[in-house]
Amino acid sequence: MTDPEMVFTVAAGAATDRGRRRQANEDGYLADAPVFLVADGMGGHVGGAAASGAVVAAFADSISGEWVTTGALDEAVASAARNVAALPASERSAPGSTVTGVGLAEQNGTPCWLVFNVGDSRTYRLSDGQLEQVTIDHSLVQQLLDHGAIDATEARSHDERNVITRALGAGMSTRPAVDQWLLVAEPGDRMLICSDGLHGELTDQLIAATLLTEPDPVAAAESLVAAAVEAGGRDNVTVIVVDAIDVVAVPHDPAVFDTEDSLDLDGPTVPRAMREPEPLAGSE
Ligand code: MG
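Residues numbered from 1 in each chain as written. Predicted model: local features only at pLDDT ≥ 70, side-chain atom pairs only at ≥ 80, totals over all residues. Heavy atoms only, no water.

**Student:** Give a detailed account of the sheet that holds strand S8 (residues 130–133), specifying residues and quantitative values.
**Tutor:** With respect to topology, 5 strands assemble into an open sheet ordered S1-S12-S11-S7-S8, the strand pairing being antiparallel. Every interior strand has two partners, whereas the edge strands, strand S1 (7–17) and S8, have only one. Neighbour to neighbour, the strand axes of the sheet diverge by 20° on average, direction disregarded. As paired strands, strand S7 (residues 122–127) and strand S11 (residues 190–194) are joined by 5 bridges and run antiparallel to one another. Residue pairing across strands places Arg122 opposite Cys194, the latter belonging to S11. Packed onto the sheet, helix H7 (residues 217–230) meets S1, S11 and strand S12 (237–248) and runs at close to 30° relative to S1. (Pairing = 2+ DSSP bridges. Helix = DSSP H or I, 4+ residues; strand = E, 2+ residues; numbered from the N terminus. Axes fitted to C-alpha atoms, helices over the stretch in contact; angles between N-to-C directions. Contact = heavy atoms within 4.5 Å.)

**Student:** With reference to specific residues and values, describe unusual backbone geometry.
**Tutor:** For the bond from Ala33 to Pro34, the omega torsion is 15°, close enough to zero to count as cis. By the element assignment, Pro34 lies in the loop between strand S2 (27–32) and strand S3 (35–42). Despite not being glycine, Asn108 shows a phi value in the positive range, around 55°. By the secondary structure assignment, Asn108 is in the loop between strand S5 (99–107) and strand S6 (110–118). In this structure, Ala170 is a non-glycine residue whose phi angle is positive, near 55°.

**Student:** Which residues make up the nonpolar core, and what are the values?
**Tutor:** Looking at soluble globular proteins, one finds that nonpolar side chains tend to be buried together. Judged by nonpolar contacts, the single largest core of 27 residues is most densely connected at Val35, Leu37, Val55, Phe59, Val99, Phe116 and Leu168. Mapped onto this core, the elements with two or more residues apiece are S3, helix H1 (44–62), helix H2 (70–85), S5 and S6. Here Val99 is in contact with Leu37, Val38, Ala39, Val55, Phe59, Phe116, Asn117, Val118 and Leu168, once residues within four sequence places are set aside. With 19 residues, the next largest nonpolar core counts Val102, Trp113, Ile136 and Ile193 among its residues. (Core = buried A, V, L, I, M, F, W, Y, C linked by side-chain atoms within 4.5 Å. Buried < 20%, exposed > 50% of the residue type's maximum accessible area, 1.4 Å probe, protein only.)

**Student:** For the coordination of the magnesium ion, give the residues involved together with the corresponding values.
**Tutor:** Only Asp40 (OD), Asp196 (OD) and Asp235 (OD) from the protein reach the magnesium ion as donors, at distances of 2.1 to 2.3 Å. Counting along the primary sequence, the residues that act as donors to the magnesium ion give the motif D-x155-D-x38-D. With Asp40 in strand S3 and Asp235 in the loop between H7 and S12, the pair connects residues that are 195 residues apart, well separated along the chain. Take Asp40 and Asp235: they sit in the same class, and that class is buried. (Donors = N, O, S within 2.8 Å, 3.2 Å for Na, K, Ca; no water.)

**Student:** Could you give me a rundown of the packing of helix H6 (residues 204–213) against H7, with the residues and numbers involved?
**Tutor:** Relative to each other, H6 and H7 sit at 150°, their axes nearing to 9 Å. Classified by the interaxial angle, the pair formed by H6 and H7 is roughly antiparallel. Crossing hand, H6 versus H7: right-handed. Listed contacts from H7 to Ile207, Thr210 and Leu211 of H6 are Ala220, Ser223 and Leu224. (Parallel < 35°, antiparallel > 145°, perpendicular 65-115°, else oblique. Left-handed = near helix turned anticlockwise from the far one by under 90°.)

Take a look at the structure:
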């Protein structure tokens, strides 16, 4: 008799659109187990698309196997940052990109979502009918919110809502810190990964309503993108929906727990409520 094995299978759908105002689509995405990500490029039509494309290529090259580990994720982010930094800069700006998404992971025989983020694209989780934003934007507006300088309504219309404080490339660190969260996956979980072209146009309530009424992940992704374009389409919009289909945990015997496999739960996997606000840009 063989040992029972952990099971974690997902179904995913992705959609993207240039929107109504932009001349090119500078968003990129990768939706191929075990990693699902959205990258929002910036730096002019050519530079932006090249930057998000470089991020997608770096992840596709460096993540392999059945599960994503924090180490593999760190490597992929570092490789993506190097690739973006190597792109030619225009006179006005160096190309840059956000990246956020989710890796399928296992922790001691338990299926987990390994959520990651650099920038202001977002990953959400729909669980038991509740939509929760998992990632925290690296943006000026988020810093102002953290410091209580503005409220959520003011944030949506803030003049500088496009200013991001952490990115791959864009003249920032070549070894950017990537926020990571490890969440135990539950049957019925639905993860949403999106560029700001979605959450800049639609409220979380509207996003949740679509996710709750459209069971097919491909149709849900297409429906959200169409709704964002309909609502204004001021930016490129990209959506990935990942549904947990089969989730079976088979916890290891603690006596044979393999610390090599274990994920570091300190450091960046800090719940939002416990997090100290980042200092305001320019305040030091
Ligand atoms: Mg965008």
